[in-house]
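Summary of the model geometry
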Amino acid sequence: SVYLAARANIFTWPTGILNAIFFLVIFYQIHLYSDMFLQFYFCGMGVYGWFTWKYKAEHQQSAIRTLSNTNRLRLGVFIAVVTLVIGFVISRIHLLLPQIFDHPASYPYIDTFIAVSSVLAVILLARRIFETWVLWVLVDITSIGLYSVKGVKLIALEYVIFLCLAALGVLSWYRLWKKE
């Protein structure tokens, strides 16, 4: 899915939906609840992105755009504030819903940063905004560390691959942006 996104290929979306379903189960099992909730979002955005790109392709594919410096700053502040608020709730989710979450969340703020940044990165991806790849690089680096600490080495390795693909996305989309 990430490889296809880096190539601006519409099959990014259905492969992403399948991936989200598998990750949902894994993240529940290892108590990364923000990441687990994120997978529901990825499924929905997979449908949205798939139809958006399909519709645009039939008419006119939108150009790759970039954010202004002001909007980049707003995005960063938004990520920080939302991470703190949701991270606080996730850190107490086992107290709020003990029948569903029988263990405290692991690394709730780091996990929430990954989830919040991923949500925004998918929105930027669907809108073909270049900064999606900057967020994916940050998400991938953070995820490599978190999943290594949690002992899910194969997922950490997968995020090393995602990081390489995000770097490919930066280069590929930059070239497309310059060409447009």
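Residues numbered from 1 in each chain as written. Predicted model: local features only at pLDDT ≥ 70, side-chain atom pairs only at ≥ 80, totals over all residues. Heavy atoms only, no water.

A look at the overall build of the protein chain
Note the threshold: Here a helix means four or more residues in a row that DSSP labels H or I, a strand means two or more in a row labelled E, and each is numbered from the N terminus. The reference for a compact globule is 2.2 Å times residues^0.38; the radius of gyration itself is calculated from the C-alpha atoms. Working rule for contacts: check all heavy atoms of both residues, and any pair within 4.5 Å makes them a contact.
Along the protein chain, the regular secondary structure elements total 8 helices and 0 strands. Helices and strands appear in the protein chain in the N-to-C order α-α-α-α-α-α-α-α. Relative to its length of 180 residues, the protein chain is compact, with a C-alpha radius of gyration of 16 Å against a globular reference of 16 Å. Along the first, second and third principal axes, the C-alpha atoms of the protein chain reach 50 × 35 × 25 Å. For the protein chain, contacts bridging at least 24 residues in sequence account for 73% of all contacts bridging at least 6.

Thoughts on the environment of V47
Within the secondary structure, V47 sits in helix α3 (residues 33–59). Separated by 34 residues in sequence, V47 and W13 place their C-alpha atoms 6.9 Å apart.

A word on unusual backbone geometry
Even without a glycine there, the phi angle at H31 is positive, about 65 degrees. By the secondary structure assignment, H31 is in the loop between α2 (12–29) and α3.

Concerning the nonpolar core
Selection criterion: For this analysis, a nonpolar core means a set of buried residues of the types Ala, Val, Leu, Ile, Met, Phe, Trp, Tyr and Cys, connected via side-chain atoms within 4.5 Å. To sort residues, take the accessible area from a 1.4 Å probe on protein chains only and compare it with the maximum for the residue type: under 20% means buried, over 50% means exposed, and anything in between is partly exposed.
In terms of nonpolar packing, the biggest core is built from 47 residues, with W133, W136 and Y147 touching the most fellow members. At the level of secondary structure, the elements contributing two or more residues to this core comprise α1 (2–6), α2, α3, α4 (69–91), α6 (108–126), α7 (132–149) and α8 (153–179). Among the elements that make up this core, the one with the highest residue count is α6 (9 residues).

A look at the environment of A166
Summarising the element assignment, A166 is placed in helix α8. Measuring from C-alpha to C-alpha, the distance between A166 and L24 comes to 22 Å, with 142 residues separating the pair along the chain. In this structure A166 touches V2, W133, W136, V137 and D140, once residues within four positions along its chain are discounted.

A look at the packing of α4 against α6
Stated precisely, the cut-off is as follows: Helix axes are fitted only over the stretch in contact, all axes being lines through C-alpha atoms; the angle between N-to-C directions runs from 0 to 180 degrees. Angle categories are assigned with fixed cut-offs, so that under 35 degrees is roughly parallel, over 145 is roughly antiparallel, 65 to 115 is roughly perpendicular, and the rest are oblique. Handedness of a helix crossing follows the sense of rotation of the near helix relative to the far helix, less than a right angle counterclockwise being left-handed and clockwise being right-handed. Just so you know the grouping, Ala, Val, Leu, Ile, Met, Phe, Trp, Tyr, Cys and Pro go in nonpolar, Asp, Glu, Lys and Arg go in charged, and all remaining residues, Gly too, go in polar.
Close contact between α4 and α6 brings their axes to 8 Å; oriented N to C, the two are set at 135 degrees. It follows that α4 is oblique to α6 by the angle criterion. When you trace α4 past α6, the crossing you get is right-handed. When α4 is examined against α6, the residues L75, F78, I79, V82, T83, L84, I86, G87, F88, I90 and S91 are found in contact with a partner set consisting of P108, Y109, T112, F113, V116, S117, L120 and L124. Partitioning the contact of α4 with α6 into residue classes produces 14 nonpolar, 5 polar and no charged.

Don't take any of this as a statement about function, it's just geometry.
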